[in-house]
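# Overview (structure and organization)
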Amino acid sequence: MKIYVYPHEILKKKAEPVREIDGALQKFIDDMIELMYRAKGVGLAANQVGEAIRLFVMDVSGSDEPPSPIVIINPVITAMEGSEVAEEGCLSVPRYSAKLKRASLVEVKGFDRHGNEIRYEGQGLAARCLQHEIDHLDGICFVDRLSSLKKAMFRKKWPKILAELDLGKDDKE
Ligand code: ZN
């Protein structure tokens, strides 16, 4: 499993709902959680690792807290409140971050990895992460949400970062 880097096509694809939770999906979820920790990220959406299905993993607990990964399948945002500007980054856009306005409180409904219905409420970083990951499932990367000025700056900077990353050929496609 690997993380696809912007602007790979899979990141622009709207993910399809998960229809069945089976052993293969459990293994996929475990691999995603492991990869998220290895990459030192706070969230990872399935299409970032090449599967356009509606599921993401996240863990916004601090480094001094025990890991508590959250898995949400077929998530839907059911409430959004307030707004907050903060620095945001993405495992698919390495070595880049930018300030972005997001709702400060978000409620999400979906299913856990066992198929139970869940409701999850996030504030601050958790709210930001929920919006960021659900955006991924809709084919939206955080850089797509930047102001046109910031987007222009990003477009100028990004090819240089990509070149430095020294990715394999298929990552650049
Ligand atoms: Zn991301």
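Look above for the structure.
Residues numbered from 1 in each chain as written. Predicted model: local features only at pLDDT ≥ 70, side-chain atom pairs only at ≥ 80, totals over all residues. Heavy atoms only, no water.

### A look at the overall build of the protein
- A tally of helices and strands in the protein yields four helices and seven strands.
- Scanning the protein from its N terminus toward the C terminus, one meets helices and strands in the order α-β-β-β-β-β-β-β-α-α-α.
- Against the 2.2 N^0.38 benchmark of 16 Å for 173 residues, the protein shows a C-alpha radius of gyration of 16 Å, consistent with a compact globule.
- Over its C-alpha atoms, taken along the principal directions, the protein stretches across nearly 45 × 40 × 35 Å.
- Of all 173 residues assigned to the protein, the portion counted as buried reaches 46%.
- Contacts spanning at least 24 positions in sequence make up 65% of the contacts within the protein whose residues lie at least 6 apart.
- Side chains of the protein carry 26 positive and 28 negative charges; the gap between the two charge centres is 8 Å. (Helix = DSSP H or I, 4+ residues; strand = E, 2+ residues; numbered from the N terminus. Rg over C-alpha atoms; globule rule 2.2 N^0.38 Å. Buried < 20%, exposed > 50% of the residue type's maximum accessible area, 1.4 Å probe, protein only. Contact = heavy atoms within 4.5 Å. Lys, Arg positive; Asp, Glu negative; His and termini not counted. Charge placed at Lys NZ, Arg CZ, Asp CG, Glu CD.)

### Considerations on the packing of aromatic side chains
- Counting across every chain of the model gives five aromatic pairs.
- For the ring pair Tyr96 and Phe142, a centre distance of 6.3 Å and an interplane angle of 35 degrees mean the geometry is tilted. With a gap of 46 residues between them, Tyr96 in strand 5 (residues 93–102) and Phe142 in the loop between helix 2 (125–137) and helix 3 (148–165) connect regions that are remote in the sequence.
- Phe142 gets classed as buried once you look at its relative accessible area, which sits at 1%. (Phe/Tyr/Trp six-rings, centres within 6.5 Å; stacked < 30°, edge-to-face > 60°.)

### Considering helix 2
- Compared with the 18 Å implied by 1.5 Å per residue over 13 residues, the 19 Å span of helix 2 between its first and last C-alpha is a close match.
- In terms of burial, helix 2 is a largely internal element, twelve of the 13 residues being buried.
- Taken together, the buried positions of helix 2 are occupied by Ala126, Ala127, Arg128, Cys129, Leu130, Gln131, His132, Glu133, Ile134, Asp135, His136 and Leu137.
- A positive backbone phi angle near 80 degrees is found at Gly139, which sits one or two residues after helix 2. (Expected span 1.5 Å × (residues − 1).)

### A closer look at the pairing of strand 5
- Sheet topology places strand 4 (residues 84–90) next to strand 5; seven bridges connect them, and they run antiparallel. Among the inter-strand pairings, Gly89 is bridged to a residue of strand 5, identified as Ser97.
- Connecting the antiparallel pair strand 4 and strand 5 is a turn made up of two residues. (Pairing = 2+ DSSP bridges.)

### Structural notes on the nonpolar core
- Counting residues in hydrophobic clusters, the biggest one holds 35 residues, and the most contacted among them are Val93, Tyr96, Val143 and Trp158.
- Of all the elements in the fold, those that place two or more residues in this core are strand 2 (55–58), strand 3 (70–81), strand 5, strand 6 (105–111), helix 2 and helix 3.
- Ignoring anything within four residues of it in the chain, the contact list for Val143 reads Tyr6, Val93, Tyr96, Lys151 and Phe154.
- Ranked by size, the runner-up nonpolar core spans 18 residues in total, among them Phe28, Met32, Leu44 and Leu91. (Core = buried A, V, L, I, M, F, W, Y, C linked by side-chain atoms within 4.5 Å.)

### Details of helix 1 (residues 23–38)
- Here helix 1 is 16 residues long and its end C-alpha atoms lie 23 Å apart, about the 22 Å a rise of 1.5 Å per residue gives.
- Looking at the buried positions of helix 1, the neighbouring elements they touch are strand 1 (43–45), strand 2 and strand 3.

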